[in-house]
Amino acid sequence: MFLSLKNILIAINILLAISVLSDELSPNITSPTTTEIKSLMLVGNSFFYYNNSLHNYLGKIIDNDPEISNIKRRSITINGSSLSWHDIDAYLSNPNIGNFKIDTTKDNSYIEHENTSIDAVIIMDCSLCPIHPKTKDSFHEYVEIHSNTIRNNDAEPILFMSWGYKNKPEMYKKLKKEFLKAANNNNLLLVPVGEAFHLMNKLYPEINLYTSDNRHPSKEGTFLAANVVFATLLGRKTEGNRGIAEINPTVAKKIQKIADKTVSEFFKIQLKQSHD
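Quick caveat: nothing in here was measured; it's all calculated off a predicted structure.

Observations regarding a nonpolar patch on the surface
- On the surface, a nonpolar cluster with roughly 320 Å² of combined accessible area is contributed by Phe-100, Ile-102 and Tyr-110.
- Note that Ile-102 resides in strand E3 (residues 100-103).

Some thoughts on the packing of aromatic side chains
- Applying the stated rule across the entire model yields 9 aromatic pairs.
- Relative to Trp-163, the ring of Phe-47 lies with its centre 4.5 Å away and its plane at 0 degrees, an arrangement referred to as stacked. Of this pair, Phe-47 sits in helix H2 (residues 46-49) while Trp-163 sits in the loop between strand E6 (156-160) and helix H6 (171-185), and the two are 116 residues apart along the sequence.
- Trp-163 sits in the buried class, given a relative accessible area of 1%.
- A cation over a ring is seen here: Arg-215 above Tyr-165, with NZ or CZ 6.0 Å from the ring centre.

Brief notes about the nonpolar core
- If you look at the biggest cluster of nonpolar residues, it comprises 75 residues, and the most contacted ones within it are Leu-40, Val-121, Ile-122, Leu-159, Phe-160 and Leu-224.
- The element that contributes the greatest number of residues to this core is helix H8 (residues 219-234), accounting for 9 residues.
- In this view, Ile-122 contacts Leu-40, Met-41, Leu-42, Val-43, Phe-48, Ile-158, Phe-160, Val-229 and Leu-233; residues no more than four positions away in its chain are not counted.

Calculation rules
- Residues numbered from 1 in each chain as written.
- Predicted model: local features only at pLDDT ≥ 70, side-chain atom pairs only at ≥ 80, totals over all residues.
- Heavy atoms only, no water.
- Patch = residues over 30% accessible without salt bridge, like charges linked within 9 Å, V, L, I, M, F, W, Y side chains within 5 Å.
- Areas by Shrake-Rupley, 256 points an atom, 1.4 Å probe, with all protein chains shown as cover.
- Salt bridge = Lys/Arg side-chain N within 4 Å of Asp/Glu carboxyl O.
- Helix = DSSP H or I, 4+ residues; strand = E, 2+ residues; numbered from the N terminus.
- Phe/Tyr/Trp six-rings, centres within 6.5 Å; stacked < 30°, edge-to-face > 60°.
- Buried < 20%, exposed > 50% of the residue type's maximum accessible area, 1.4 Å probe, protein only.
- Lys NZ or Arg CZ within 6 Å of the ring centre and 35° of its normal.
- Core = buried A, V, L, I, M, F, W, Y, C linked by side-chain atoms within 4.5 Å.
- Contact = heavy atoms within 4.5 Å.

Here you go:
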């Protein structure tokens, strides 16, 4: 039996299409499994704590959405750390973590917190760990280990997709592939911050999301990350939210639009409109 050249070409095109689609993973989980997140822990490194910490930027966005109740936030970071450096079971089982605060806005009042439980934990590895040949296997191993640990402590594990370096745009596709693989293998919600950085760099290259080292986030970069976290966790638009910290209002609006567009298109969902 002989195949015509036309049929051979059609078969080759089909195989190529299948191979391309297999590389373009999409997220299995598109929203938190937790009905209402009232407390959140972020575990990571300097990408979280730069600019007085992502969790503080997130707090400003939450405070300026009248339909969202306050979410307690705790950030635990080690500079330069990979996921293997963190003892997440200790963070979640230690009743002393978060059991008080000294409020500087109320004459240094000592305020006790009886409930220190955590509903969800966002984890992030070092910026190169998911794709570096020496750490790639460890990344996948510890995403699984920490996901099981977090679930065993009655919380939801969530994975944070970090961004490629400003001077190494080729990192984006490699990171995306590994993050999606890890998220889908462990049934995790993936926060697509790296996706938002990629889109922002393409559409608004004049807005610098990086510090001078081309890796760590500028204030604009941290603000973008916080907006993506907000939209991902709460399914709500950030555009128009007044919790813009020290970001120029015109720049903030562009960043909010990119965050909303990223989350909506990445998960193929329609975000709810926020109202003042």
